[in-house]
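One-letter residues, chain by chain:
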Amino acid sequence: MGDTTVTTLEGREAAVPQPVAEKAGQDLLRRLRAPRRPRIWFEVLLIAVSYWTYSLVRNAVPEQKAEALRNADWIWKLEHQLGIAVEQSVNHAVNSVTWLIVGMNYYYATLHFAVTLGVLVWLYRSHPGRYAATRLVLFSTTGVALVGYYLYPLAPPRLMNGGRFVDTVMVHQTWGSMASGDLKNMSNQYAAMPSMHIGWSLWCGLTIFALATVPWARVLGLVYPAATLVVIVATANHFWLDAVGGVLCLGFGFAVARVWYGNRPYALPRRVADRETGARPPLPARA
């Protein structure tokens, strides 16, 4: 905002200085929004503290078993009405192929975290100017998901009363879910809506597809969330509609980043100036 003007008695316009506090506030906001090269120590600390807080809040949500089971029954009936209630068929079909379902159990347990962290590291190294905005998408997506866990407790299909779903982790004695086996007391079992396996995997996939320059990597970016969708259904950890909830949360995350930075995260400059020197550091040759 520039200086405003007033008309004096002589008909001449005189400038009215903008309040110092308002101008300082605008300068601060502009600096906060400006893409800057991230600091490794801050990012490691931020991710560690954020994940710890996320786990703490998610698991602190009361396990409202009765309501969660009622909601699961309602979701299952709704999917039947929509003609998309095929989770049980997928679950039983994949469970009949031991090597496939065991692989999916491990996929569910590991790639959710490993791929997400890998994409964050890649962004940090190769796209520092877009890192903070894209990270904000991920954090906002996860933050709004916590609201969903609190407002809408939902049991996964494998815990439904009379649902006849197979808990593939229990049956095959693999560790594929924080809500099964010995780990079930460490995680809220009734926080299935929205699915952050879908929210995070779609974030990874879109980021890779938008920014990678290698064709096969872009293809994998599209395949990854699709494969994750099959896995969460086959292992009876989520309904299809849980995935829709994850997509909506991701849409909210992108909206937050767009409002804050005034542009799409992937459209921001790839290179940024160093905080102290103002120099643009060299980037790796490959994206």
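Small disclaimer: the values here were computed from a predicted structure and weren't measured. Here the residue index of a chain counts from 1 through its sequence in written order. Thresholds applied to this predicted model are a pLDDT of at least 70 for local features of residues and 80 or more for the giving and counting of side-chain atom pairs; totals over whole chains, interfaces and linings are not thresholded and use all residues. To obtain the side-chain values, all non-hydrogen atoms of the structure were included, while hydrogens and water were left out.

A.B. asks: Any chance you could explain the overall build of the protein chain here in plain terms?
C.D. replies: Each helix is a run of DSSP H or I of at least 4 residues and each strand a run of E of at least 2, with the numbering of both proceeding from the N terminus. A count of helical and extended segments in the protein chain gives ten helices and two strands. When its helices and strands are written in sequence order, the protein chain yields β-β-α-α-α-α-α-α-α-α-α-α. The classification of residues rests on relative accessible area computed with a 1.4 Å probe and restricted to protein chains. Under 20% of the type maximum is buried, over 50% is exposed, and intermediate values are partly exposed. Among the 287 residues that make up the protein chain, the fraction classed as buried is 42%. Within the protein chain, counting contacts between residues at least 6 apart in sequence, those at least 24 apart form 78% of the total. Using a 1.4 Å probe, the Shrake-Rupley method yields the accessible areas, and only the shown protein chains count as cover for residues. Per element, the accessible surface of the protein chain, about 15,400 Å² overall, is 65% carbon and sulfur. Throughout, a contact is declared for two residues whenever any of their heavy atoms are within 4.5 Å.

A.B. asks: Where do I start with the nonpolar core in this structure?
C.D. replies: The nonpolar side chains of soluble globular proteins are, as a tendency, buried together. The term nonpolar core refers to a set of buried residues drawn from Ala, Val, Leu, Ile, Met, Phe, Trp, Tyr and Cys, joined through side-chain atoms within 4.5 Å. Counting 37 residues, the largest nonpolar core has Val119, Trp122, Leu123, Tyr149, Met196 and Trp203 as its most contacted members. For this core, the secondary structure elements donating two or more residues are helix 5 (98-126), helix 6 (128-151), helix 8 (196-211), helix 9 (215-234) and helix 10 (240-261). In terms of residues, this core owes the most to one element, helix 5, which gives nine residues. Setting aside chain neighbours within four positions, we find Met196 in contact with Tyr54, His112, Thr141, Thr142, Ala145, Tyr149, Ser201, Gly246 and Cys249. Counting residues in hydrophobic clusters, the runner-up holds 16 residues, among them Ile75, Trp76, Phe239 and Leu241.

A.B. asks: Even after reading the chapter, I still don't get the packing of helix 5 against helix 8, so can you show me in this structure?
C.D. replies: The geometry of a pair of packed helices is captured by two quantities: the angle between their axes and the separation between those axes. Contact geometry of helix 5 with helix 8 gives a least axis separation of 10 Å together with a crossing angle of 35°. Considering how the two elements wind past one another, helix 5 and helix 8 form a crossing that is left-handed. Note on element contacts: helix 8 touches helix 5 through Met196, His197, Trp200, Trp203, Cys204, Thr207, Ile208 and Leu211, opposite Tyr108, His112, Phe113, Val115, Thr116, Val119, Leu120, Trp122 and Leu123. Just so you know the grouping, Ala, Val, Leu, Ile, Met, Phe, Trp, Tyr, Cys and Pro go in nonpolar, Asp, Glu, Lys and Arg go in charged, and all remaining residues, Gly too, go in polar. Each residue belonging to the contact of helix 5 with helix 8 can be placed in one class, and the counts come to 13 nonpolar, four polar and no charged. Axes, fitted as lines to C-alpha atoms, cover a helix only where it is in contact. Angles between the N-to-C directions of the axes lie from 0 to 180 degrees. Crossing handedness: left-handed means the near helix sits turned counterclockwise from the far one by under a right angle, and right-handed means the same turn made clockwise.

A.B. asks: Whenever I open this one, the packing of aromatic side chains confuses me. Can you help?
C.D. replies: Given two aromatic rings, their pairing is described by the distance between the two centres and the angle made by the two planes. Centre distance within 6.5 Å is the pairing criterion for rings of Phe, Tyr and Trp, where only the six-membered ring of Trp is used; planes under 30 degrees apart are then read as stacked, over 60 as edge-to-face, and the remainder as tilted. Evaluation of the coordinates by the stated rule reveals six aromatic pairs. Ring plane angle 85° and centroid distance 6.2 Å describe the contact between Phe113 and Trp200, whose orientation is recorded as edge-to-face. With a gap of 87 residues between them, Phe113 in helix 5 and Trp200 in helix 8 connect regions that are remote in the sequence. Accessibility expressed as a relative area gives 32% for Phe113, which makes it partly exposed.

A.B. asks: It is not clear to me how helix 4 (residues 87-95) should be interpreted in this structure. Could you clarify?
C.D. replies: For the α-helix, the turn length of 3.6 residues means that residues three or four positions removed from each other point alike. When helix 4 is considered as a whole, its buried residues turn out to be Glu87, Asn91, Val94 and Asn95. Across the axial projection of helix 4, the buried residues extend over an arc of 100°, all falling on one side. Those residues of helix 4 hidden inside the fold are in contact with helix 3 (65-82), helix 5, helix 7 (168-172), helix 9 and helix 10. Throughout, the arc means that of the directions going from the helix axis to the C-beta atoms.

A.B. asks: Honestly, helix 3 in this entry has me stumped. Any pointers?
C.D. replies: Helices are assigned an expected span. That span is 1.5 Å times one less than the residue count. Taking 1.5 Å per residue as the helical rise, helix 3 with its 18 residues ought to reach 26 Å, and the 26 Å between its terminal C-alpha atoms agrees with that figure. Looking only at helix 3, the buried set comprises Ala68, Leu69, Asn71, Ala72, Ile75, Trp76 and Glu79. Taken end-on, helix 3 shows its buried residues confined to a sector of 160°, consistent with a single buried face. Across from the buried face of helix 3, at angles greater than 90 degrees, the exposed residues are Arg70, Lys77 and Gln81.

A.B. asks: How should I be thinking about the pattern of salt bridges in this particular structure?
C.D. replies: Close approach of charged atoms allows side chains with opposite charge to pair. Salt bridge, as applied in this entry: a Lys or Arg side-chain nitrogen positioned within 4 Å of an Asp or Glu carboxyl oxygen. Going through the model one piece at a time under the given rule, you end up with one salt bridge. A salt bridge links Asp167 to Arg158, with the nearest nitrogen and oxygen atoms 3.5 Å apart. The residues Asp167 and Arg158 share a single accessibility class, namely buried.

A.B. asks: Please explain the environment of Ala145 as it appears in this structure.
C.D. replies: Position of Ala145 among the secondary structure elements: in helix 6. In this structure Ala145 comes out as buried when scored by relative accessible area, which is 0%. Between the C-alpha atom of Ala145 and that of Leu248, which follows or precedes it by 103 residues, the distance is 9.5 Å. Residues in contact with Ala145, not counting those within four places in the same chain, are Pro194, Met196 and Cys249.

A.B. asks: Even after reading the chapter, I still don't get unusual backbone geometry, so can you show me in this structure?
C.D. replies: Following Met193, the chain continues into Pro194 via a peptide bond in cis, with omega recorded as 0°. For Pro194, the position within the fold is in the loop between helix 7 and helix 8. A positive phi is found at Gln173, a non-glycine position, where the angle reads about 55°. Tracing the chain through its elements places Gln173 in the loop between helix 7 and helix 8. One non-glycine residue, Ala236, lies in positive phi territory at about 60°. Here Ala236 shows up in the loop between helix 9 and helix 10. Its relative accessible area of 1% is what places Ala236 among the buried residues.

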